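# Structure assessment
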Amino acid sequence: DGGITQSPKYLFRKEGQNVTLSCEQNLNHDAMYWYRQDPGQGLRLIYYSQIVNDFQKGDIAEGYSVSREKKESFPLTVTSAQKNPTAFYLCASSSLQGYEQYFGPGTRLTVT
Amino acid sequence: GDSVTQMEGPVTLSEEAFLTINCTYTATGYPSLFWYVQYPGEGLQLLLKATKADDKGSNKGFEATYRKETTSFHLEKGSVQVSDSAVYFCALRPNSGGSNYKLTFGKGTLLTVNP
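For the structure given in this document, a descriptive report is provided here. (Residues numbered from 1 in each chain as written. Chains lettered and ligands numbered in written order. Predicted model: local features only at pLDDT ≥ 70, side-chain atom pairs only at ≥ 80, totals over all residues. Heavy atoms only, no water.)

Next up on the list: the interface of chain B and chain A. The partner chain A presents 22 residues to the 20 residues of chain B that form the contact. In total, chain B and chain A occlude about 1700 Å² of area from one another, counting both sides; carbon and sulfur atoms represent 55% of this. On the chain B side of the interface with chain A, the three residues burying the most area are B:L44, B:Y101 and B:F105, jointly 31% of the side's total. Joining chain B to chain A, the criterion identifies one salt bridge. With a closest N to O distance of 2.3 Å, A:E100 and B:K49 form a salt bridge. Seen at the junction of chain B and chain A, the total is five residue pairs in polar contact (both at pLDDT 80 or more). Contributing elements (two or more residues each) for the side of chain B that touches chain A: β5 (32–38), β6 (44–50) and β10 (86–93) of chain B. (Contact = heavy atoms within 4.5 Å. Buried area = accessible area lost by both parts, 1.4 Å probe. Salt bridge = Lys/Arg side-chain N within 4 Å of Asp/Glu carboxyl O. Polar contact = N/O pair within 3.5 Å; in protein donor to acceptor, adjacent residues only side chain to side chain. Helix = DSSP H or I, 4+ residues; strand = E, 2+ residues; numbered from the N terminus.)

In structure tokens:
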């Protein structure tokens, strides 16, 4: 079955540590996205990538970094510079000319 | 910039009640409009979409009509079920310019349906 996988589902880290969230898709989509979801705030775009080896900042990129070395993979690193990292992180993908974004199941990150 | 405003929840209904969740938008030109649904602890699923004025999107008994004159895309269902309990997000995607990849979301509306 085609889809997007994110791992792990739950992640716990201590303050000051960097953490990398995984996102893999087998939909052959060119574009991939990372969103952050906080209660009552909808989804906010962190980074997006339309092609391998290229990515752009979204609305809230500070404290995050990404890479896109393969079409299928778009990992997100939450660095120690991110002031409020505890959140639900969602990865999505779309065909470059497509209208819909398809979402993964999400990773809930808790930093204490 | 683009924005989406949807009615604040939570919305609590009894099974078989009629549902309306209001959504209005601000955008340049003619964006595409979407409703996504998020069940507890899960990612978002596309529920329905409309890509031009007067289009009606429909799926699983839900409907929404793209009204350009009122810049609205209200979600309706004639008879809700307990299994419809979820958070519903309205979103728009520009159809022109350099940002036509980007979805702008509303804040979400929590729907609870009681038996």
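From this point, the discussion proceeds with the structure in view.
This part is about the sheet that holds strand β3 (residues 19–21) of chain B. All names here are of chain B. The strand order β3-β9-β8-β7 describes an open sheet built from four strands, whose pairing is antiparallel. Every other strand in the sheet has two partners, leaving β3 and β7 (56–59) as the edge strands with one partner each. The average undirected angle you get between the axes of adjacent strands in this sheet is 15 degrees. Pairing geometry for β7 and strand β8 (residues 62–65), over four bridges, is antiparallel. Looking at β8, one finds that S58 is bridged to E63. (Pairing = 2+ DSSP bridges. Axes fitted to C-alpha atoms, helices over the stretch in contact; angles between N-to-C directions.)

Moving on: the sheet that holds strand β1 (residues 4–7) of chain A. Residues and elements named next belong to chain A. Read across the sheet, four strands follow the order β1-β3-β8-β7 without closing on themselves; strand pairing throughout is antiparallel. Strands at the two margins of the open sheet, each flanked by one partner only, are β1 and β7 (64–66). Neighbouring strand axes in the sheet, compared pairwise and without regard to direction, differ in orientation by 20 degrees on average. Two elements, β7 and strand β8 (residues 76–78), share three bridges in a ladder whose sense is antiparallel. Of the residues in β8, the one forming a bridge with V66 is L76.

Considered as a void within the structure, the largest pocket measures approximately 550 Å³ in volume. Lining the largest pocket are 30 residues, with A:D38, A:P39, A:G40, B:V87 and B:K107 sitting closest to its centre. Where the lining of the largest pocket is concerned, the elements lending two or more residues are β9 (87–94) of chain A together with β1 (3–6), β10 and β12 (109–114) of chain B. Grouping the amino acids of the lining of the largest pocket by side-chain chemistry returns 11 nonpolar, 14 polar and five charged. One number sums up the size of the second largest pocket: a volume of about 190 Å³. Along the wall of the second largest pocket there are 14 residues; nearest its centre are A:Y102, A:F103, A:G104, B:L44 and B:Q45. (1 Å grid on protein atoms, 1.4 Å probe; cavity = no way out; pocket = protein on both sides within 12 Å on 5 of 7 lines; lining within 4 Å. Points joined across faces, edges and corners; volume = space filled by probe spheres on them. Nonpolar A, V, L, I, M, F, W, Y, C, P; charged D, E, K, R; others polar.)

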